[in-house]
Amino acid sequence: MSNTTTSTAVLRRRYTILETYRAGGGPVEVYKAARLDDPDALRALTVVAPEDREGLLALPGIFASVQRATSPHLPVVTEFGWLSGAEFLPVESNPAPPEDARFYFAREWIDGRILRNDLDNTSGGGRDLEATLELVVGVADAVAALHREGVVHLDITPVNVLLPRGGSGGAV
């Protein structure tokens, strides 16, 4: 059974998987989901299986810091932990997870589109200045909130910036 199949089976114990955005094509799987105990609260679920164990073991500390970061331009991380075999393992009681462990985190769902898609679909006209400035200020606010908690994102690209539907600024 592949890691993707295993991850999905384990996630279905706690979530209803509504859509799959990236699975089976590398070390990251991304899903749109709803918790079984709170079906109205949509989440983006991400499962990460980094190549190096040191990188994997650093993720709980990073996400604890991300949870403390506050900005209207950062999605709220609602939970994180390990997936190992067929189990959810809490980070607190499993600081050194089994070798087969993958890290997962859930964040609030942001209804909108990815900036990269928006840029690809702009046919020569570009974005208007006001919307562009609002986006830049929103992303800068999110990055500043992360930095206050000691987190450096390392991948602020148009693929990782969300444009909320009907909202202002962007979300990182």
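What you see is a predicted model, and the numbers here were worked out from it, not measured in a lab.

**Focus: the pairing of strand 4 (residues 77-84)**
Then, number 1: Strand 4 sits mainly inside the fold: 7 of its 8 residues count as buried.
Then, number 2: Alignment of strand 4 against strand 6 (residues 102-108), held across 6 bridges, turns out to be antiparallel. Counted as the bridge partner of glycine 81 is tyrosine 104 from strand 6.
Then, number 3: Summarising the sheet, strand 4 and strand 5 (residues 87-89) pair through 3 bridges and their orientation is antiparallel.

**Considerations on helix 4 (residues 129-148)**
Then, number 1: Here helix 4 spans 28 Å end to end across 20 residues, near enough to the 28 Å set by a 1.5 Å rise per residue.
Then, number 2: Restricting attention to buried positions, one finds in helix 4 the residues Leu135, Gly138, Val139, Ala142, Val143, Ala145 and Leu146. Down the axis of helix 4, the smallest arc covering the buried residues is 155 degrees, so these residues share one side. Those residues of helix 4 that are exposed and angled more than 90 degrees off the buried face are Leu129, Glu130, Val136, Val137 and Arg148.
Then, number 3: The secondary structure elements touched by the buried residues of helix 4 are helix 2 (53-68), helix 3 (115-120) and strand 8 (162-164).
Then, number 4: Directly beyond the C-terminal end of helix 4, a positive phi value near 85 degrees is found at glycine 150.

**Some words on the sheet that holds strand 2 (residues 28-35)**
Then, number 1: In spatial order, the strands read 1-2-3-6-4-5; together these 6 strands make up an open sheet with antiparallel pairing. The open sheet terminates on both sides in strands that have one partner only, identified here as strand 1 (15-22) and strand 5. Neighbour-to-neighbour, the strand axes of the sheet open up by a mean angle of 30 degrees, direction not taken into account.
Then, number 2: Sheet topology note: the strand 3 (residues 38-48)/strand 6 ladder contains 6 bridges and is antiparallel. Looking across to strand 6, one finds that alanine 44 is bridged to arginine 107.

**Points about the packing of aromatic side chains**
Then, number 1: Here the structure, examined in full by the defined rule, presents 7 aromatic pairs.
Then, number 2: Between phenylalanine 80 and phenylalanine 103, the ring centres sit 5.9 Å apart and the planes meet at 35 degrees, which makes this aromatic pair tilted. Of the two residues, phenylalanine 80 sits in strand 4 while phenylalanine 103 sits in strand 6, which places them 23 residues apart along the sequence.
Then, number 3: Geometrically, the ring pair formed by tryptophan 82 and phenylalanine 103 is edge-to-face, given 5.6 Å between the ring centres and 75 degrees between the ring planes. In this pair, tryptophan 82 sits in strand 4 while phenylalanine 103 sits in strand 6, placing the two residues 21 residues apart along the sequence. Residue tryptophan 82 shares its accessibility class with phenylalanine 103, and that shared class is buried.

**A short note on the confidence of the model for the protein**
Then, number 1: When pLDDT is averaged along the protein, the result is 85, and 88% of the positions lie at 70 or above.
Then, number 2: Mean pLDDT across the elements of the protein ranges from a minimum in helix 1 (residues 3-11), with 73, to a maximum in strand 6, with 93.

**Considerations on the nonpolar core**
Nonpolar side chains tend to gather and get buried jointly when the protein is soluble and globular.
Then, number 1: Counting 19 residues, the largest nonpolar core has Phe63, Phe80, Trp82 and Phe103 as its most contacted members.
Then, number 2: For phenylalanine 63, the contacting residues outside a window of four places in its chain are Val77, Phe80, Phe103 and Phe105.
Then, number 3: If you look at the next biggest cluster of nonpolar residues, it comprises 12 residues, including Leu11, Ala33, Val47 and Phe88.

**Quick notes on the pattern of salt bridges**
Then, number 1: Per the counting criterion, the structure on display carries 8 salt bridges.
Then, number 2: Here arginine 35 makes a salt bridge to glutamate 79, at a shortest N to O gap of 2.5 Å. Taken as a pair, arginine 35 in strand 2 and glutamate 79 in strand 4 lie far apart in primary sequence, 44 residues in all.
Then, number 3: Each of the salt bridges in this network shares a partner with another, and the network as a whole consists of Arg14, Arg35, Asp37 and Glu79.

How each quantity is defined
Residues numbered from 1 in each chain as written. Predicted model: local features only at pLDDT ≥ 70, side-chain atom pairs only at ≥ 80, totals over all residues. Heavy atoms only, no water. Buried < 20%, exposed > 50% of the residue type's maximum accessible area, 1.4 Å probe, protein only. Helix = DSSP H or I, 4+ residues; strand = E, 2+ residues; numbered from the N terminus. Pairing = 2+ DSSP bridges. Expected span 1.5 Å × (residues − 1). Arc of directions from axis to C-beta. Contact = heavy atoms within 4.5 Å. Axes fitted to C-alpha atoms, helices over the stretch in contact; angles between N-to-C directions. Phe/Tyr/Trp six-rings, centres within 6.5 Å; stacked < 30°, edge-to-face > 60°. pLDDT = per-residue confidence, 0-100. Core = buried A, V, L, I, M, F, W, Y, C linked by side-chain atoms within 4.5 Å. Salt bridge = Lys/Arg side-chain N within 4 Å of Asp/Glu carboxyl O.

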